[in-house]
Each structure stands twice: as structure tokens, then as C-alpha cells.
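# Geometric and topological summary
The residues making up each chain are set out below.
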Amino acid sequence: MSALGWLTPRRRSATARSVLAGEASAEAARKTALTGAPPLSQPEAEAAAEAAQPAQAAPAEPEFPVAGDHLAAAFFDLDNTVMQGAAIFHFGRGLYKREFFQRRELARFAWQQAWFRLAGVEDPEHMQDARDSALSIVKGHKVCELMAIGEEIYDEYMAERIWPGTRALAQAHLDAGQKVWLVTAAPVETATIIARRLGLTGALGTVAESVDGVYTGRLVGEPLHGPAKAEAVRALAAAEGLDLARCAAYSDSHNDIPMLSLVGHPYAINPDTKLRKHARSNDWRLRDYRTGRKAVKIGVPAAAGVGAIAGGAAAAIALHRRRR
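In this report, the structure presented in the accompanying data block is examined. The shown structure was predicted, so the numbers you read here are calculated from the model rather than taken from an experiment.

Further remarks concern the overall build of the chain. Assigned secondary structure in the chain consists of twelve helices and eight strands. Per-residue burial for the chain yields a buried fraction of 57% across its 324 residues. Considering only contacts within the chain whose residues lie at least 6 apart along the sequence, 70% involve residues at least 24 apart. Put simply, the chain shows about 13500 Å² of open surface, and 53% of that area lies on carbon and sulfur atoms.

What follows is the structure, given as C-alpha cells:
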């Protein structure tokens, strides 16, 4: 789909390009905003029920999210927060299956996904490479074509990789009458498909330029990453009349500290080492769904943990071998 990607080596202050990227993403998100949510699956329902139970050792706290607070909303990072692995890599596997590129690109996608899963962090060089590859792959293709393919790829590779615990957190905000948005460096088309399938309000994502419905191979601004994510949330909040001090944000990566710092209720979900340290030093809430254990809780309890699902690189490599 559009620009896929894209991580920068270190946090930077907002630039004119990141502001442009954020504003473009907010505009695209509002155009495709959705309402309503599908019913939870059995694991998600159980996770949501546990989330509603107070922790035995935790002190009493005000109800959160606050039902009926329409000045509040929730913003969720996608990769490794809502879904195991990176959306771009799963999308790349789907494009390979449809012969959009050759085996050597598949091997690179498999290696990048393996690194992402093993290291548990966003690697700037790998993600930059993925972005450049994706831009060249989609150039000249119709937006509607990639949207249709994206629906199929979600069913094939992404649906079973949604973390039930994070899904339950999002559902809690929806049940409280609040809007819930994905915020991701993945292409806005991919993010919008995932948001719709999960019953969320919509998605903020990287916007690729298109002319007459055809991708040009260029971005609008820059990838929605780091400061650009914060700018997108800020722009959307202004357009929607939200009070950021009453909003919540969820992420696994220290790259999203700018976004998390914008809101009054930041959560570190499956956090990398730097984010975990930052969250603890700032009394942010933490939750980890990557093992069966529960992470240290600061603040309101979250949903139950689940084990990691095998997939990613192994599946890609297996597909590669079957086609040899």
C-alpha cells in the first residue's frame, strides 16, 4: 500500500515535514472514520472481564476510562502493541504471494520480521529498507487495488496476531462511548483496514501521494513516526475537539514517547527497554502480553496476558520453500 514505514534512528523534534505528515494523516483519518464494533471473541471477552476486576494489591482508583466522557479518546500504536510483529512485513508476504516482487525481496522481509520478533524493537535500517522497497513496489498501482488486496492479507496474516489484551483495552474505551484510533507508521490504507476489522473509529497512518487514484511512489510529508505521530494526534484532537489531558495513548516503543507524553493517560504496552525505564520513572501504566505473566502494574489493571503466536519469519520462509 502506500508508503510503509519508517523509522528514524532517534527521536527528533517536530519538523515542517512531520507536521505536514501529521496533518495529512489526521485529515485522512477523519475522512474514513468508522463507528460501531464487532463482538469480542471468547479470549477477548475473558480478557475484558479480567480487565474489569480490580487487582488484589492495587489501591482503589477512579473509574477509567470514564463513561460518557466525549472529550476523551484513545490512541493505539499498531506494531507490537495491538498486533504481534509489523504490519508492513505481513503485507509484504501477501504481496509476494500475489507476485508483486521476487524471492530475494521475500528473504529480506523474512529476515526483517525475524529481527523484529527476536529483538522486540523497531530497527531503523530494516524499516527504512522496507519503506523504500514498498514505495517502489506500489508505484503505478491503483489505490483501490491495494485496498482490496489489503483486506485479503488481513485475513491471511494479521487477524490471528491481534493481542486479545490490547483489544480488550480498546473495547473498554469504545464501551465508554469514546473514539479509538490506531496511530502507526504503516500506510494509512492498511491501518484503516485493521481499524475497521477491529471495530475501532479509524486510523492515523503514513500517507502516500496518489494522483487520480494511482500511487506516485512519494510520501506526503514523511513517515508517521516519532514526532510525526504526536503531530497527527495533536491535529486530530484539535479537529475533533478533544481534551488531550483526558485522552489515553498506548505503545510498545520509546519512539512513541512524544505521542505518549501528549496525553493525560499514557500506557506502555509490551514495552521495549527504553520505554519501560521511562514509564517507570514517570509513573506511567505498564502492561505486557508477550509472555503468560503480568507485568508490573502502575494504575488501573489491564486485560489478561497471552502467549506469543508463532508466525512471522517462519511462515514467510516456509512459503518461500514451498515455491522453490
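Looking now at the packing of helix H3 (residues 87-97) against helix H6 (residues 143-158). At a minimum axis distance of 9 Å, the contact between H3 and H6 shows a crossing angle of 110°. With respect to H6, the axis of H3 lies roughly perpendicular. On H6, the residues that touch Ala 87, His 90, Phe 91, Arg 93, Gly 94, Leu 95 and Lys 97 of H3 are Leu 146, Ile 149, Gly 150, Ile 153, Glu 156, Tyr 157 and Met 158. Of the residues contributing to the contact of H3 with H6, the split by class is eight nonpolar, three polar and three charged.

Here we take up the environment of Leu 219. Counting through the fold element by element, Leu 219 comes out in strand S5 (residues 214-219). Separated by eleven residues in sequence, Leu 219 and Ala 208 have C-alpha atoms that sit 4.3 Å apart.

Along the polypeptide, Asp 252 turns up in the loop between strand S6 (248-251) and helix H10 (257-260). Judged by relative accessible area, Asp 252 falls into the buried class, the value being 2%. Along the primary structure Asp 252 and Leu 78 are separated by 174 residues, whereas in three dimensions their C-alpha atoms are 8.9 Å apart.

Here the focus is unusual backbone geometry. With a phi close to 50°, Asn 270 is a non-glycine residue in the positive phi region. Examined against the element boundaries, Asn 270 turns out to sit in the loop between strand S7 (265-269) and helix H11 (273-281). Although it is not a glycine, Asp 283 sits at a positive phi angle of roughly 60°. The class for Asp 283 is exposed, based on a relative accessible area of 60%.

Right, let's get into H11. What sets the pattern is the α-helix's 3.6 residues per turn: residues three or four places apart point alike. For H11, every residue scored as buried is listed here: Leu 275, Arg 276 and Ala 279. One side of H11 carries all its buried residues, which in axial view fall inside an arc of 100°. Across H11 from its buried face, at more than 90 degrees, point the exposed residues Thr 273, Lys 274, Lys 277 and Ser 281. Close packing links the buried residues of H11 with S6, H10, S7 and strand S8 (285-287). Note on H11: the residue one or two positions beyond its end, Asp 283, has a positive phi of about 60°.

About the thresholds
Every chain is numbered independently, its residues counted from 1 as its sequence is written. Only residues with pLDDT of at least 70 are given local features in this predicted model, and only at 80 or more are side-chain atom pairs given and counted; all residues enter the totals for whole chains, interfaces and linings. For side-chain calculations, the full set of non-hydrogen atoms in the structure is used, while hydrogens and water are omitted. Secondary structure elements are defined from DSSP: runs of H or I of at least 4 residues count as helices, runs of E of at least 2 residues count as strands, and each element is numbered from the N terminus. Accessibility here uses a 1.4 Å probe with only protein chains present; expressed as a share of the type maximum, an area under 20% marks a residue as buried, one over 50% as exposed, and anything in between as partly exposed. Residue contacts are counted whenever heavy atoms from the two residues lie within 4.5 Å of one another. Methods summary: accessible areas were calculated by the Shrake-Rupley approach with a probe of 1.4 Å, and residue burial reflects only the protein chains presented. For helices, the fitted line uses only the C-alpha atoms of the stretch in contact; every axis is such a line through C-alpha atoms, and the angle between N-to-C directions lies from 0 to 180 degrees. Here the angle decides the label: under 35 degrees means roughly parallel, over 145 means roughly antiparallel, 65 to 115 means roughly perpendicular, and every other value means oblique. Classification used: nonpolar for Ala, Val, Leu, Ile, Met, Phe, Trp, Tyr, Cys and Pro, charged for Asp, Glu, Lys and Arg, polar for all others including Gly. This arc corresponds to the set of directions leading from the helix axis out to the C-beta atoms.

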